[in-house]
Amino acid sequence: MNEKKNRATVYAILGAAAGLLLLLWGSFGGTRPEAASLSDTAEIEAYCAYLERQAVKLCESVKGVSDVTVTLTLDGGFEQVYATDKTVTGNTQSFEHVKLGAGTGAQLCAVSVSAPRVAGIGVTCRGGGSERVRAELTELLCAAFGVGANKIYITEAG
């Protein structure tokens, strides 16, 4: 009987040690949060640069405009949208994210990614001193980027 008790104790100690090792391994493995944020920053900068190039093309297509420089600011970052399951019980509603897989391998079900919104646009260009050019560029940028005219500033390039 003593041998069975000792064997059970050894198995319990080995199980606890294995669990501790798995916890330690999990805490040191995987991606680090700062690495993910650097990746997010690079994506946001690339997206912002793309939008600025598009704005420069639009502005340069207007008669009387040249030497265009555009600076664009974004409101926030990319946002992941996840599927949710809605449950209604009487007058109570509850929402739960849909998961794919089971156990520790389960992941949220991604539906889409929302791009950050344009917060403001600054433009310097030859021709930006003309009221007509500023009005036309403002209307064009408002329509293209979905921002209000009060979020756009255009000035003559020096």
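Nothing here was measured: the structure is a model prediction, and the numbers come from that model. (Residues numbered from 1 in each chain as written. Predicted model: local features only at pLDDT ≥ 70, side-chain atom pairs only at ≥ 80, totals over all residues. Heavy atoms only, no water.)

Colleague: How should the overall build of the protein chain be read in this particular structure?
Modeller: The helix and strand tally for the protein chain stands at three helices and nine strands. Scanning the protein chain from its N terminus toward the C terminus, one meets helices and strands in the order α-α-β-β-β-β-β-β-β-β-α-β. Counting only carbon and sulfur atoms, one obtains 57% of the accessible surface of the protein chain, whose full area is about 11400 Å². (Helix = DSSP H or I, 4+ residues; strand = E, 2+ residues; numbered from the N terminus. Areas by Shrake-Rupley, 256 points an atom, 1.4 Å probe, with all protein chains shown as cover.)

Colleague: Quick question: what am I supposed to make of the nonpolar core here?
Modeller: Looking at soluble globular proteins, one finds that nonpolar side chains tend to be buried together. Residues Ile121 and Val123 are the most contacted members of the largest nonpolar core, which totals 23 residues. The set of elements that each furnish at least two residues to this core consists of helix 2 (33-60), strand 1 (66-75), strand 8 (117-126), helix 3 (131-145) and strand 9 (152-156). Once residues lying within four places of it in the same chain are set aside, the contact partners of Val123 are Cys59, Val68, Thr69, Val70, Leu141, Tyr153, Ile154 and Thr155. (Core = buried A, V, L, I, M, F, W, Y, C linked by side-chain atoms within 4.5 Å. Buried < 20%, exposed > 50% of the residue type's maximum accessible area, 1.4 Å probe, protein only. Contact = heavy atoms within 4.5 Å.)

Colleague: For this particular structure, what's the right way to read the state of the cysteines?
Modeller: Covalent bonding between the sulfur atoms of two cysteines defines a disulfide. What the rule picks out here adds up to zero disulfides. A disulfide-free cysteine, Cys59 has its sulfur positioned 6.4 Å from the sulfur of Cys125, the nearest such atom. (Disulfide = S-S within 2.5 Å.)

Colleague: Got a minute to help me understand the environment of Leu74 in this structure?
Modeller: Relative to the helices and strands, Leu74 resides in strand 1. Classification of Leu74 by relative accessible area gives buried; the value is 19%. Residue contacts for Leu74: discarding those within four places in its chain leaves Ile44, Tyr47, Cys48, Leu51, Pro116, Arg117, Val118 and Ala119.

Colleague: Just checking my understanding: could you explain the pattern of salt bridges for this structure?
Modeller: Pairing is possible between side chains that carry opposite charge, provided their charged atoms lie close to one another. According to the stated counting rule, one finds three salt bridges in the structure shown. Across the pair Glu136 and Arg132 runs a salt bridge whose closest N-O atoms are separated by 2.9 Å. Of this pair, Glu136 and Arg132 both sit in helix 3, four residues apart, which is roughly one turn of that helix. Exposure remark for Glu136: the relative accessible area of 36% places this residue in the partly exposed category. A residue is classified by how much of its surface remains accessible, and Arg132, at 46% relative accessible area, is partly exposed. (Salt bridge = Lys/Arg side-chain N within 4 Å of Asp/Glu carboxyl O.)

Colleague: Could you clarify how one ought to interpret the confidence of the model for the protein chain in this entry?
Modeller: Parts of the prediction with low pLDDT should not have their coordinates interpreted in detail. Here the protein chain averages 81 in pLDDT, while 75% of its residues score no lower than 70. When pLDDT is averaged over each helix and strand of the protein chain, the minimum, 52, is found for helix 1 (residues 2-28) and the maximum, 97, for strand 9. The model gives residues 20-36 a pLDDT under 50, and that stretch makes zero contacts with residues more than four places away or in other chains. (pLDDT = per-residue confidence, 0-100.)

Colleague: Got a minute to help me understand unusual backbone geometry in this structure?
Modeller: The phi angle of most residues is negative, glycine excepted, and most peptide bonds adopt the trans form. Positive phi, normally seen in glycine, also occurs at Asp67, with a value near 50°. Locating Asp67 in the fold gives a position in strand 1. Judged by relative accessible area, Asp67 falls into the partly exposed class, the value being 49%.

Colleague: Can you walk me through the pairing of strand 9 in this structure?
Modeller: Taken together, the five bridges between strand 8 and strand 9 define a ladder with parallel strand orientation. Residue pairing across strands places Val123 opposite Ile154, the latter belonging to strand 9. (Pairing = 2+ DSSP bridges.)

Colleague: Where do I start with the side chain of Thr138 in this structure?
Modeller: Turning to its location among the elements, Thr138 is positioned in helix 3. The exposure class of Thr138 is buried, given its relative accessible area of 17%. Leave out the neighbours within four places in its chain, and Thr138 touches Ala149, Ile152 and Ile154.

Colleague: Sorry if this is basic, but what is going on with the sheet that holds strand 9 here?
Modeller: Backbone-to-backbone hydrogen bonds join strands into a sheet, with any given pair of strands oriented parallel or antiparallel. With mixed pairing, the three strands of this open sheet are ordered in space as 1-8-9. Every other strand in the sheet has two partners, leaving strand 1 and strand 9 as the edge strands with one partner each. Strand-to-strand twist across the sheet, computed as the mean angle between neighbouring axes with direction ignored, equals 15°. Pairing between strand 1 and strand 8: eight bridges, direction antiparallel. Across the sheet, the residue bridging to Thr71 is Gly122, located in strand 8. In this fold helix 3 packs onto strand 1, strand 8 and strand 9, with an angle of close to 145° to the strand it touches most, strand 9. (Axes fitted to C-alpha atoms, helices over the stretch in contact; angles between N-to-C directions.)

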